Amino acid sequence: MQPTTHAEQHGNKHEIRNVTIILTVLTLLELSLGFAMMKMADGSTAKISTKIAIIILMLAKAYYIVGYFMHLKHEIRNLIMTIVVPLTLFIWFIIAFLGDGESYKNLRNTYDAHKKAVSTQKVEVKKEVKEVHVDDAKH
Amino acid sequence: MSTPTTAAVPTKWWSGGRSPFNVEYGKLMMWYFLMSDAFTFGAFLIAYGTIRFSSTSWPNPNEVFQSYPGMSEGTSAPLVFVSIMTFILIISSVTMVLAVRAGQEMKKNKVVLNLILTIIGGLAFLSCQAWEWTHLHHEGAWWGSNPFLNEDGTQSSTNFTNFFFTITGFHGFHVFSGVIINIIMLIMTLNNVFEKRGHYLMIEKAGLYWHFVDLVWVFVFTCFYLI
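Structural notes, computed from the coordinates. Because the structure is predicted, anything quoted here is derived from the model rather than measured. Here the residue numbering is sequential within each chain, running from 1 through the sequence in written order. Lettering for chains starts from A, numbering for ligands starts from 1, and both go in the order in which the items are written. The predicted nature of this model means local features are confined to residues of pLDDT at least 70 and side-chain atom pairs, given and counted, to a pLDDT of 80 or more, with totals for whole chains, interfaces and linings taken over all residues. Computation of side-chain values: all heavy atoms of the structure, hydrogens and water removed.

1. Examining the interface of chain A and chain B
- Pairs of residues are marked as contacts when any of their non-hydrogen atoms sit within 4.5 Å. Each side of the interface is counted separately: chain A has 64 residues, and chain B has 66 residues.
- Summed over both partners, the accessible area (1.4 Å probe) lost when two parts come together is defined as the buried area. Roughly 6,100 Å² is buried in total at the junction of chain A and chain B, and carbon and sulfur atoms are behind 72% of that figure.
- Per-residue buried area on chain A facing chain B is highest for A:Ile16, A:Met70 and A:Ile76; these three make up 10% of the total on that side.
- Of the charged contacts, one joins A:Glu75 and B:Lys27 as a salt bridge, the two residues approaching to 3.9 Å between their closest N and O atoms.
- Nitrogen and oxygen atoms within 3.5 Å of one another constitute a polar contact, given that in protein one can donate a hydrogen and the other can accept it, and given that sequence-neighbouring residues count only through two side-chain atoms. On the surface where chain A and chain B come into contact, there are 7 residue pairs in polar contact (both at pLDDT 80 or more). What counts as a salt bridge is simple: a side-chain nitrogen of Lys or Arg found within 4 Å of a carboxyl oxygen of Asp or Glu.

Here's what the structure looks like:
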């Protein structure tokens, strides 16, 4: 076996630094979206679009880690394909299973009266919190 | 995607002949192992997503994960602690890249330094996770017990904690094995094993595993803490 000589890598010394900066910026963007999302109403269009934006940023981070840190982008095409093509199964995986979950929820909430009752019944607020509210009402 | 110029890349030889993928055999097998591992994590995360989609409501991560060590009572700081964990892992991934590159340049001292930094990063991440698990456990969260309510104020099932502890636990186990692998790599480097062998290819394989651990955290972090 021959030792690897990576002559081609000496040219891109800045690559590590650049990818580090990109990953940091993407993480900060994700976090700022996460903070912005806290004020949005659950199930609103704004919140769902923010979640989609976060997922896109996540995939971008995955691309930079696999492509540059794991060096896959610089491997030959055949190797890239044997890794990436099987992973496309995930596209079906995600659509099929999440769709199934959504459908199960809708079916249960439509036809299972007990389940529907349980899933909409709010839990009593804790005692201490309640007392404070009573006090507030008195004053 | 640019087509790599095969002519510029030096030929890697397998004992049976020329490598069809122009990588060392062990590295290719590491890639296939990581692919199978990706499917395992993918299955976990998709199961989590399916259950979440089939639930009418789900606990709000910003209410569940809002603590950090030494914080005062009554304050809440969502996302802060987990952001620190994320950065620790990204930085340890960077030091691993530097260790791999130093290995390709046959600079033993640089390999040793960067491996030590990577190990410290891994241990720091594991400590953070240990603290978080302990904290959640004190709040009454564990497999089969969920003290948190759903976002809309309804009773939550134990699905939330079961998935959280199983998936972050499985990832934490990977980090732990990664730290052990890196410690072995450090000992081998210090014993001049790679120096005598004439190459640091083993570090590259360990590096692939370590980056994969970081990659999985990107997904776990997004799925559990952000959305």
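2. Some points on helix H2 (residues 45-69) of chain A
- Note on conventions: DSSP H or I runs of at least 4 residues are helices, E runs of at least 2 residues are strands, and numbering of each starts at the N terminus. The span you would expect from a helix comes to 1.5 Å times its residue count less one. Compared with the 36 Å implied by 1.5 Å per residue over 25 residues, the 35 Å span of H2(A) between its first and last C-alpha is a close match.
- By the burial criterion, the buried members of H2(A) are A:Lys47, A:Thr50, A:Ile54, A:Leu57, A:Met58, A:Lys61, A:Ala62, A:Ile65, A:Gly67, A:Tyr68 and A:Phe69.
- Its buried side turned inward, H2(A) meets helix H1 (14-37) of chain A together with helix H3 (80-104) and helix H7 (201-226) of chain B.
- At the C-terminal side of H2(A), A:His71 shows a positive phi close to 70 degrees. Working definition: with a 1.4 Å probe on protein chains only, accessible area under 20% of the residue-type maximum means buried, over 50% means exposed, and in between means partly exposed.

3. A closer look at the environment of B:Gln66
Residues and elements named next belong to chain B.
- Among the structural elements, Gln66 can be located in the loop between helix H2 (61-64) and H3.
- Spatially, the C-alpha atoms of Gln66 and Val80 are 7.4 Å apart, while their sequence positions differ by 14 residues.
- Excluding its chain neighbours within four sequence positions, the residues that come into contact with Gln66 are Met71, Ser76, Ala77 and Pro78.

4. Looking at the side chain of B:Arg52
- Among the structural elements, B:Arg52 can be located in helix H1 (residues 25-53).
- A residue counts as positive if it is Lys or Arg and as negative if it is Asp or Glu; His and the chain ends are not included. Within the buried set, B:Arg52 has no salt-bridge partner at all; the shortest N-O distance to an opposite charge, 5.9 Å, is to B:Glu151.
- For B:Arg52, the residues in contact, after removing those within four places along its chain, are A:Lys51, B:Trp58, B:Cys223 and B:Ile227.

5. Description of the packing of H2(A) against H7(B)
- Here an axis means a line fitted to C-alpha atoms, over the contact stretch when the element is a helix, while the angle between two N-to-C directions is reported on a 0 to 180 degree scale. Where H2(A) contacts H7(B), the axes come no closer than 10 Å and their chain directions differ by 175 degrees. Taken together, H2(A) and H7(B) sit at an angle that is classed as roughly antiparallel. Mapping the contact onto sequence places A:Ile54, A:Met58, A:Leu59, A:Lys61, A:Ala62, A:Ile65, A:Val66 and A:Phe69 in H2(A) and B:His211, B:Asp214, B:Leu215, B:Val218, B:Phe219, B:Phe221, B:Thr222 and B:Leu226 in H7(B).
- Under the grouping applied here, Gly and all other residues not named as nonpolar or charged are polar, the nonpolar ones being Ala, Val, Leu, Ile, Met, Phe, Trp, Tyr, Cys and Pro and the charged ones Asp, Glu, Lys and Arg. In terms of residue class, the contact of H2(A) with H7(B) is made up of 12 nonpolar, 2 polar and 2 charged. Each angle gets one of four labels, with under 35 degrees taken as roughly parallel, over 145 as roughly antiparallel, 65 to 115 as roughly perpendicular, and the rest as oblique.

6. Thoughts on the packing of H1(B) against H7(B)
All names here are of chain B.
- It is the contact of H1 with H7, at a shortest axis distance of 10 Å, that shows an interaxial angle of 10 degrees. In terms of orientation, H1 and H7 fall into the roughly parallel class. Mapping the contact onto sequence places Gly26, Lys27, Met30, Trp31, Phe33, Leu34, Asp37, Ala38, Phe41, Leu45, Tyr48 and Arg52 in H1 and Glu204, Lys205, Leu208, Tyr209, Phe212, Val216, Phe219, Cys223 and Phe224 in H7.
- For the contact of H1 with H7, the residue count by class is 15 nonpolar, 1 polar and 5 charged.

7. With respect to unusual backbone geometry
Residue and element names in this part refer to chain A.
- With a phi close to 70 degrees, His71 is a non-glycine residue in the positive phi region.
- Note on placement: His71 falls in the loop between H2 and helix H3 (77-87).
- His71 sits in the buried class, given a relative accessible area of 12%.

8. Some words on the nonpolar core
- In this description, a nonpolar core means a group of buried Ala, Val, Leu, Ile, Met, Phe, Trp, Tyr and Cys residues linked to one another through side-chain atoms lying within 4.5 Å. Counting residues in each nonpolar core, the largest one holds 84 residues, and the members touching the most others are B:Ile203, B:Trp217, B:Phe224 and B:Tyr225.
- Put simply, the parts of the chain that give this core at least two residues each are H1, H2 and H3 of chain A together with H1, H3, helix H4 (108-138), helix H5 (159-190) and H7 of chain B.
- Among the elements that make up this core, the one with the highest residue count is H7(B) (17 residues).
- Setting aside residues up to four positions removed in sequence, B:Phe224 forms contacts with B:Leu45, B:Tyr48, B:Pro61, B:Phe65, B:Phe163, B:Phe164 and B:Ile167.

9. Examining a nonpolar patch on the surface
- Residues enter patches when their relative accessible area tops 30% and they take part in no salt bridge; the joining distance is 9 Å for like charges and 5 Å for the nonpolar side chains Val, Leu, Ile, Met, Phe, Trp and Tyr. For the accessible areas, the method is Shrake-Rupley and the probe is 1.4 Å, while residue cover comes only from the protein chains on display. Residues A:Phe35, B:Tyr68, B:Val80 and B:Ile84 make up a contiguous nonpolar surface patch of roughly 320 Å² in combined accessible area.
- In this fold, B:Val80 is placed in helix H3.

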